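Geometric and topological summary
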Amino acid sequence: MKGGAGQRIESLSGDIDRLLLASFLACGAEFLSGGDLSASVNVSRTTVWKRIEALREHGFVFESVPSRGYRLISIPDFLHPAAVAAGMSTRRLGGVMVTFTETGSTNAVASRLGEEGAAEGTIVLAESQVQGKGRLGRIWISPAGANLYCSVLLRPPILPSNAPQLTFVSAVAVARAIKCCSALTPVIKWPNDILINGNKVAGLLNEMTAETDRVATVVLGIGVNLNMAREQFPDDLRHPASSLFLESGIRVDRIAFTRNLLEALDELYDCYLAGGYPAIRDEWLSYCGVIGKRVCVSDTSTSERVGVARGIDESGALLLELPDGAVERIFAGDVRLSNASGH
C-alpha cells in the first residue's frame, strides 16, 4: 500500500527491533552481550548485529566493545515505531505501528488500512503531513520533526450514535500525557481542543465508517504541537495557537510523549468498553474550562449562541443554557468565553 511520498517504517508486536530496543531501554547504560541479546530476542547473533546496524542507519547510536557487547547511547528525535513501542505497556493498541517520514494525512492512511482489514489498535504516525486534517474542513499545519501527528484505528462494538463519545476518550488521553510529560496544566475546550494558557496546543478529529446498527471503524486523529517554534505558525490562524515548548521553554521528548499518550489512550479505551461513557465523561469535565461559565458558540453558518455552559450530555453535545432559561444541545461549533455580563 502506498501511504504517501515519504518512507514507511513498520513495527509489529514482537518484531526484532522492538524487542532489542526494549532490552536496551530496560538495562539503562549497561552493556548487553551479543549472546544475551540473541537469547532474549530468540535470534542468531548475526541477526542481532544486522538489526543494530539497521537501527544505526536510522540514527540510533550504539557503543560496541569486544567481550562486553553493545549499549544504547542515544535515540534519534524521530518517531521510529519500534522505539515508541519498546517498553510500552498497552493491551489493545500498538500491535501494528507505522511511521511515515511524510504522508498526506495519518487519518486518511488509517482509514485506508481499516478498509483493508487492519487490526484494531493499529497506529499511524507521521513526521510531517502535507494534507493534515483539522475540524470543519480546516488544515492542520504539520511541519516535519516538531510535533505529534497520530491516528489510531479502532473497531469498537458500539452503536454509531455513541461514536462521538470516543472524542472525549482521546481528549482525556492527551490531557493526561501533557500532565505526565510537562509541568503544564491542560484545559479541554469543547468539543475537541486542548489549551495551555488559553492557547491551542492540540486538536482531535475522529472519523467513523458504519452501517445502520454497528460501527465498522473509528479513526482517532490526534495532533499535538510539541516543539513547534513561533515562526512555524502561519499568520492567519483564527485562534491563538502554541506548543508545549513555547509554553514551558522546555523541549519535549517526542517518543516519551507518544508512548505516554498511547498508554493513556489504551487504558481509557479499555475503561470505556468495560464501563461505558460516565467515567470518561467525569474525567473530561475535570479538565474542561468552560462548564458553568458564560460562553459564545459560533458555527459554520456564522450564527452565534450566547449562554452558560452547563455540561455535556450522553452524546457529547454541549448543554447551553440560554438567557430565557431554555437549554439547547449544541453538536458542533467554536466555543469561547463571553465578555458579556452573566445572569
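Above this note sits the structure.
Residues numbered from 1 in each chain as written. Predicted model: local features only at pLDDT ≥ 70, side-chain atom pairs only at ≥ 80, totals over all residues. Heavy atoms only, no water.

Describing the overall build of the protein chain
Worth spelling out the cut-off: Only runs of H or I of at least four residues qualify as helices and only runs of E of at least two qualify as strands under DSSP, and these elements are numbered from the N terminus. Relative accessibility thresholds used throughout: buried, under 20% of the residue-type maximum; exposed, over 50%; partly exposed, between the two (1.4 Å probe, protein chains only). Residue-level accessible areas treat just the shown protein chains as cover; the underlying method is Shrake-Rupley with a 1.4 Å probe.
Looking only at helices and strands, the protein chain features 9 helices and 15 strands. Reported as C-alpha extents along the three principal axes, the dimensions of the protein chain are approximately 80 × 45 × 35 Å. Taken across its 343 residues, the protein chain has 51% of its residues classed as buried. Working note: accessible area of the protein chain is about 15,200 Å², and carbon and sulfur atoms make up 50% of it.

So, helix α2 (residues 34-41)
Convention followed: By construction, the arc corresponds to the directions joining the helix axis to the C-beta atoms. In this description, contact between two residues means that some pair of their heavy atoms is separated by no more than 4.5 Å.
Of all the positions in α2, only Gly34, Leu37, Ser38 and Val41 are classed as buried. Looking down the long axis of α2, one finds its buried residues gathered within 100 degrees of arc, a one-sided arrangement. Seen from the buried face of α2, the exposed residues on the opposite side, beyond 90 degrees, are Asp36 and Ala39. Packed against the buried residues of α2 are α1 (16-27), α3 (45-57) and β3 (69-74).

What to know about the pattern of salt bridges
For the record, the criterion: By definition, a salt bridge exists where a carboxyl oxygen of Asp or Glu is found within 4 Å of a side-chain nitrogen of Lys or Arg.
With the rule as written, the count across this model stands at 17 salt bridges. Across the pair arginine 254 and aspartate 77 runs a salt bridge whose closest N-O atoms are separated by 2.9 Å. Of this pair, arginine 254 sits in helix α8 (residues 254-275) while aspartate 77 sits in the loop between β3 and α4 (81-85), placing them 177 residues apart in sequence. Relative accessible area serves as the criterion here: at 1%, arginine 254 is assigned to the buried category. The exposure class assigned to aspartate 77 is partly exposed, which follows from its relative accessible area of 44%.

Brief notes about the packing of aromatic side chains
Note the cut-off: In this scheme Phe, Tyr and Trp rings, the latter by its six-membered ring, pair at centre separations within 6.5 Å, and the angle between planes marks the pair as stacked below 30 degrees, edge-to-face above 60, and tilted otherwise. Placement of a charge over a ring requires the Lys NZ or Arg CZ to be within 6 Å of the ring centre, with the centre-to-atom vector within 35 degrees of the ring normal.
The final tally for this structure, using the stated rule, is 3 aromatic pairs. A cation over an aromatic ring shows up here: arginine 251 above the ring of phenylalanine 245, its NZ or CZ 5.9 Å from the ring centre.

Quick notes on unusual backbone geometry
A cis geometry characterises the amide bond from tryptophan 190 onward to proline 191, with omega recorded as 0 degrees. Positive phi, close to 65 degrees, is recorded for asparagine 42, a residue that is not glycine. With respect to the secondary-structure elements, asparagine 42 resides in the loop between α2 and α3. Looking at asparagine 42, the relative accessible area reads 68%, which means it is exposed.

Read these as spatial facts, not as claims about activity.
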